[in-house]
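Spelled out from the first residue to the last, the chains are:
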Amino acid sequence: MGFPVSKDPFVAEKPKRRKRRKQRSCVAAIPSQAMFSTGAYRSAQKDRRHTQDWNPDTKSASAATLSDLEVLRPRSADLARNAPEAVSAVNQYKRHVVGNGLWPQSQIKNDYLQLPKKQIQELQKRAEMLFRIWGEKEDCDASRVCNFPAQQAMALEGRIVRGDIFVLRRFLKRKTMPFELCNLLVEADRVAQPSAFDDVLKSKKGRVMEAGGIRFDRNGAPTHYHILNEHPGDDGATKTREGDWYSAYGKTGHKLILHIFEACRPTQPRGVPLIAPAGEDTKLLNRLLEATSVSAVVQSLFTAFIESPNGEGLDEAGDPFVQTSSSEPGDYKLGNGAILDLREGEKVHFADPSRPNSAIDAFANIMMRRIGMVMDIPIEVLAMQFLTSYTAARAADKRAWLTWFAYQYLLATKLCQPTWELFWHEAVAKGYLDAPGFFTDPLARWAYCNAKWSGPVPTSIDPIKDAKAEQVLLEAKIKTLKQSVEERGGDYEQHIIQLKQEKEDLKDLQPQQIVEAKEEPDDEEETDEEERD
């Protein structure tokens, strides 16, 4: 039987009462048949001994994340400060995803605008130049601390370590900058509910109205963000959670607050730290390595224990032990060249620890692999050790770049492109860019603001092999020159213009100048030729 047809394709008509009764009678018979039946998945069976105690609860996206974030954030931040593995992972992300910054390559869609080609090229070049002027200075930051590449690195670290980060758009007049647009980064901890006891507020019909400091409309889109006046971790910070609600969108429809995070489930309000799934393994590995290091130091020391039948300890008359400068009265160390004089019945025992464990390296490699799988980085890149073959090292590097390219796309779509579009609005409004129809035609505005964001590119382990492989692909017409240039972070149009300019510059050189540049044979070479004759 087909579905009922309705005027609104997203709203199904209610079936008649008689059909609904039939459906109820059919559905009522199903549970009695399926109550004692099992499916085909072994992981769902409850009669297997090793899965009997595996009964996780079904939780919504909000219930599964919001209650744990207050613990996950400080723990992840602690690992990013003190655990070498986490520090290495965060630095690898920042170095390869951001590097010296993601910068736009303006690619105006002239298929829609139908403007002269030369005008489009000049407009693209001017827009990129003005954005460089704005982004390279710290005036683009409301707090005048970071330029735009530093904001990108901070936003990426906030997403990895704390789960998400927020960027507020401000417009401040400054004498050193012709543009008023500024970004203000806000840590995830400052966006929270006014009450610590209400992580989620629902309507009478069960619709989520507020969750994690974000207010939603009936479609689940954010409308306001509650930002605390002070960081909860500040010294002397109050626990009242005083703050204000800020609108997510302005009157023109532009985003005034950017929420940079990755949603893994529908209706997920906040992000989860990337380090969180590997937090326990990272902490255990660091504790093991710390204990092994301490044991190795202890093994190199000469520690003695005095066994006494009456428990009185050392004989003060013939004490070869010297008390240390420690304030503890029972803290002793052996003296140099001392002769031991003990009481009757007393014996000396020396500590002989059996650590460090010889299998610590294999265990550490297993834990590093687990951490790398969570961070989506091969162990060779995470540990910065390429001890295997060239093929394995190249495969690990290429696999890591798949992850870093994905996060470049995340920053480009969540932070860079919205900033670029708002920059265009101000530049056109102030007359720095001439863009006909920018404010009247939404499609024209989209065409003007189209851009490709380029950042760090993969490094070549063997440049000669990579160059030969690239040449073969180009000659076989499998890859185009545009693809080859853009894969290395270049701008194809600018590349062609530069090639034409270099060709014109080489025309000015006379052929005899090139011949004279060649080295003349040395006198020793001429003498050798005469002797041969």
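Refer to the preceding data block for the structure.
Note that the structure is predicted; figures quoted are calculated from it, not measured.

Cut-offs used in this document
Residues numbered from 1 in each chain as written. Predicted model: local features only at pLDDT ≥ 70, side-chain atom pairs only at ≥ 80, totals over all residues. Heavy atoms only, no water. Helix = DSSP H or I, 4+ residues; strand = E, 2+ residues; numbered from the N terminus. Polar contact = N/O pair within 3.5 Å; in protein donor to acceptor, adjacent residues only side chain to side chain. Contact = heavy atoms within 4.5 Å. 1 Å grid on protein atoms, 1.4 Å probe; cavity = no way out; pocket = protein on both sides within 12 Å on 5 of 7 lines; lining within 4 Å. Points joined across faces, edges and corners; volume = space filled by probe spheres on them. Nonpolar A, V, L, I, M, F, W, Y, C, P; charged D, E, K, R; others polar. Buried < 20%, exposed > 50% of the residue type's maximum accessible area, 1.4 Å probe, protein only. Lys, Arg positive; Asp, Glu negative; His and termini not counted. Salt bridge = Lys/Arg side-chain N within 4 Å of Asp/Glu carboxyl O.

**Q** Is there a simple way to explain the side chain of Q105 in this structure?
**A** Topologically, Q105 is positioned in strand β1 (residues 103-106). Of note is the side chain of Q105, whose polar atom sits 2.9 Å from the side chain of S454. Residue contacts for Q105: discarding those within four places in its chain leaves E128, A451, K452, S454, G489, G490 and D491.

**Q** What should I look at first to understand the layout of surface pockets in this one?
**A** To find leftover empty space, a probe the size of one water molecule is rolled over the atoms. Considered as a void within the structure, the largest pocket measures approximately 870 Å³ in volume. Lining the largest pocket are 33 residues, with F405, V457, P458, E487 and R488 sitting closest to its centre. Contributing elements (two or more residues each) for the lining of the largest pocket: α10 (390-429), β14 (451-454), α12 (463-475) and α13 (481-487). With eleven residues, α10 is the single largest residue contributor to the lining of the largest pocket. Each residue belonging to the lining of the largest pocket can be placed in one class, and the counts come to 13 nonpolar, nine polar and eleven charged. As a volume, the second largest pocket reaches approximately 580 Å³.

**Q** Quick question: what am I supposed to make of the side chain of E128 here?
**A** For E128, the position within the fold is in helix α5 (residues 117-135). Although E128 is buried, it makes no salt bridge; R132 carries the closest opposite charge, 7.4 Å away. E128 has contacts with P104, Q105, S106, W420 and D491, leaving out every residue within four places of it along the chain.

**Q** Is there a simple way to think about the environment of V374 in this case?
**A** As for its placement among the helices and strands, V374 is situated in helix α8 (residues 360-375). In this structure V374 comes out as partly exposed when scored by relative accessible area, which is 27%. Remark: the alpha-carbon pair of V374 and P277, spanning 97 residues in sequence, is separated by 6.6 Å. Apart from residues lying up to four places away in sequence, V374 is in contact with L274, P277 and A278.

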